[in-house]
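# Topology and contacts: notes
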Amino acid sequence: MKFRIFSVALLAMAGILASCQTQRQPYKGYKKAPYTVKGQRFVPMDVHPALSYKAEGIASFYDESGGVNAIGERLRRGEYYAAHRTLPLPCMVRITSLANGKSVEARVSDRGPFIKGRLIDVSAAIARDLGFTHKGLERVRIEVLSVGDGDYKVRK
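The structure reproduced in this document is the subject of the present report. Owing to the predicted nature of the structure, the values given are computational and were not obtained by experimental measurement. (Residues numbered from 1 in each chain as written. Predicted model: local features only at pLDDT ≥ 70, side-chain atom pairs only at ≥ 80, totals over all residues. Heavy atoms only, no water.)

### Here we look at the packing of aromatic side chains
As enumerated under the stated definition, the model contains six aromatic pairs in all. Their ring planes at 75° and their centres at 6.3 Å tell us that Tyr35 and Phe114 sit as a pair that is edge-to-face. With Tyr35 in strand 1 (residues 35-37) and Phe114 in the loop between strand 6 (103-110) and strand 7 (118-123), this residue pair connects regions lying 79 residues apart in the sequence. On the accessibility criterion, Phe114 (31% relative accessible area) is partly exposed. (Phe/Tyr/Trp six-rings, centres within 6.5 Å; stacked < 30°, edge-to-face > 60°. Helix = DSSP H or I, 4+ residues; strand = E, 2+ residues; numbered from the N terminus. Buried < 20%, exposed > 50% of the residue type's maximum accessible area, 1.4 Å probe, protein only.)

Pasting the structure below:
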């Protein structure tokens, strides 16, 4: 009997911990400080100009599962996340495949891609849902929907 109660308590605790891991705390403020990668300096946009940002270009996908993004959050397999060189972090964007018209909304919370000619890096889950996992690259349109989280969130 004691073993059964202990087992139930252990499973309940595991469930609570698992649910805590998937909940993301709002990022306080905006990450828009200049930074340098491979000798190249990048200057992120201010919040309000970013709200009108739209662009077309090449998306690639990356799987940094277990890694940490630019604002300190753990990246997990199956989640929607994206990386952009100059958008303020975090922000929400709509990413649309120009090949098939499919679109998703994703949270940009990381920096990259740092390969010439690429506009945005997306998680493998986004690449799958947009239909370009097998190709690796896709021509896309991105549009900023909002910048910031929680009390800092600013929408168009």
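### Examining the pairing of strand 8 (residues 137-147)
Counted residue by residue, strand 8 has eight buried out of eleven residues, so it is predominantly covered. In terms of strand pairing, strand 3 (residues 54-62) meets strand 8 through seven bridges, oriented antiparallel. Bridging across to strand 8, Gly57 finds its partner in Val140. In the sheet, strand 8 pairs with strand 9 (residues 154-155) via two bridges, with the strands oriented antiparallel. Directly across from Ser146, in strand 9, lies its bridge partner Arg155. Here strand 8 folds back onto strand 9 in antiparallel fashion, the turn holding six residues, of which Gly148 has a positive phi close to 90°. (Pairing = 2+ DSSP bridges.)

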